[in-house]
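If you want the building blocks of each chain, they are given just below.
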Amino acid sequence: MSWAALASRSALAVGFAAGSLQLLSDDSYDNKHIKVKKAKIKTFRLAEVKQHDGSSKNPWVIRGTSVYDITDWVQAHPGGEVILTAAGGSLEPYWDIFTIHKRQDVYDILEQYKIGEIDGADLKDGRVPQDAIVDPFQNDPERDVRLRTLTPRPRNAETPEAGLREFITPNELFYVRNHFWVPAVDGAEHKLTIELTDGSERTYTVKELKERFQKHKVTTTLQCAGNRRKSMTDGAAPTNGLQWKAGAISTAEWEGVKLVDVLADAGLDIKKLPADAQHVHFSAMEAYGASIPIRKAIDPWGDVLLAFEMNGAELPRDHGYPVRVIVPGTVAARSVKWLSQITISEDESPTQWQQRDYKSFCPSEVKNPNWQKARSIQEMPVTSAITHVEPTTGSNGDVQSISAEGYAYSGGGREIIRVDVSADGGKTWHEAELLDDEAQMSGSRAWCWKRWKYEGQLPEDGKPVSEAVLVVKATDEAYNTQPQTYESIFNARGNLATAWDSAKVPCSG
Ligand code: HEM
Ligand SMILES: Nc1nc2c(c(=O)[nH]1)N[C@H]1C(S)=C(S)[C@@H](COP(=O)(O)O)O[C@H]1N2
Ligand SMILES: [Mo]
């Protein structure tokens, strides 16, 4: 199956099966049979493996010279159904691209599904001949070199300091978080299908969406659930996932049409919702998908957009061209790019990114977290970060004053009402100045980060120190504030890393 064929599968909603790490029934022989099995390893010809491709009920893959029946793993695969592109042949060319797999724990998962070996008659120099595959990343766009790249394929890159100090992040410096490749889309042809709970469907071209519905502008910050994850790792313990610093957050003005207007046009009775209309699923062209609760989707102050433009320009390919959903105040994982299908449903989206990844747990729940029990992250908690520090030294070479800048943000449209800064690690606090960026905002609620500025004398209590520890914490309109340390909010996924931010400033020789 090709990357494009995958994208056109309508049932791209990728499910996951609880407990799918069980051994295959084939392996549950009694002792006598296991002996028989060991003595005679099953062998398969390549032609037979080929029949178990992505369209087969029982997909198989090859790694090295071993054959695996991955039927029971497909639903549990964190990368979703793309796994099927490798079915019927060797994994290696794919894992050379998706290098995330070259790890013992991934090999261990695969080993559980082994069913035999490739017949020696098909080996060349003891190896399975490898077909060349199409690199799905070959059409990815050019990227600005100033972005701080974490992984090039898929593209994950954070906004550099220069971008974090602006209120509106320039498009080229807006952070990029891609789980897969960037789909190559013909914007004029692209269609979006909306499916209601009664199964009825309505399909719109992007052109039709632009022409038929009233346009709206919303300025909003997008923040990845993993923003500041590296500081949780440094402050508590190792976490899984991309080790973002404070740059997996950016702000833009988005233009598009309101999701609620399009849902109503597609036949959803907004005033008298059907009882089974509980969640709105968004499916993308590569393989990604997520959902939001219906109340957010139809909230007249919720400002959920189907966006075509970003900061006055056509949506850049990395950010979802030709259409993405923008869910203000909600974790950016729900702002699905390259949107192709919207489905109203009784349940949350079955994808990996709704059922797993974007959840948080008790700090001690490390090995086998209860994914099903944990709630999906939607509105983000309050956070803040220092983006720039500038010490001023006196004639003796000691630091005498300090100026600092940063951002503060809270989810759910909860406005930041105060930012407190301390230069002695949290003993003495000062209120930072909040910048007035009001003129650059549009939207029903406080969807944007606030920039803050602080200037103060050092040392705090007049006694010379060798190092000042600058710390910052923000408070939102619900008087929620940030935890002091990471131990209490540590979770193995490294999500919602919102403890006080800090920066050390050397003060005297
Ligand atoms: C049967 C073989 C496979 C196994 C056992 C496997 C296992 C895994 C595991 C454990 C992860 C999570 C890694 C992490 O979170 O650090 C993962 C992620 C992923 N896999 Fe696979 N994989 C297989 C085949 C494939 C193939 C053939 C492809 C592509 C053609 C693929 C694409 C991906 C992608 C894109 C992700 C990342 C998803 C994301 O960032 O959300 N996998 N896989
Ligand atoms: N189709 C699709 N949509 C997606 C993603 C993706 O990988 N594919 N990543 C999500 C995540 S986790 C984040 S943080 C944001 C990032 O948006 P940006 O790249 O425009 O900053 O997009 C979300 N929407
Ligand atoms: Mo994210």
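As annotated in an unreviewed UniProt entry, the protein is Nitrate reductase [NADPH] from Penicillium cataractarum. Heading Subcellular location (unreviewed entry) of the UniProt record for the protein holds this comment: "Mitochondrion intermembrane space". In UniProt, the protein has this text filed under Pathway (unreviewed entry): "Energy metabolism; sulfur metabolism."

(A) Local environment of the sheet that holds strand β6 (residues 156-158). With antiparallel pairing, the 3 strands of this open sheet are ordered in space as β5-β6-β7. Edge positions in the open sheet fall to β5 (148-151) and β7 (176-177), since each of these has one partner strand only. Pairing between β5 and β6: 3 bridges, direction antiparallel. Bridge pairing in β6 places T149 opposite A157.

(B) Geometry of empty space enclosed by the protein. This structure, assessed with the given rule, holds 2 cavities of 30 Å³ or more. In this model, the largest cavity occupies a volume close to 230 Å³. Residue lining of the largest cavity: 19 residues in total, with R177, R324, A332, S335 and K337 positioned closest to the centre. When its volume is computed, the second largest cavity comes out at roughly 50 Å³. Residue lining of the second largest cavity: Q223, C224, A225, N227, M380, P381, T383, L496, A497 and T498, and that is the complete set. Each residue belonging to the lining of the second largest cavity can be placed in one class, and the counts come to 6 nonpolar, 4 polar and no charged. Two domains each provide a minimum of three residues to the lining of the second largest cavity, namely domain 2 (152-355) and domain 3 (383-506).

So, how was this worked out
Residues numbered from 1 in each chain as written. Chains lettered and ligands numbered in written order. Predicted model: local features only at pLDDT ≥ 70, side-chain atom pairs only at ≥ 80, totals over all residues. Heavy atoms only, no water. UniProt positions renumbered as here; feature names shortened; annotations may be inferred. Pairing = 2+ DSSP bridges. Helix = DSSP H or I, 4+ residues; strand = E, 2+ residues; numbered from the N terminus. 1 Å grid on protein atoms, 1.4 Å probe; cavity = no way out; pocket = protein on both sides within 12 Å on 5 of 7 lines; lining within 4 Å. Points joined across faces, edges and corners; volume = space filled by probe spheres on them. Nonpolar A, V, L, I, M, F, W, Y, C, P; charged D, E, K, R; others polar. Domains from an automatic or database assignment.

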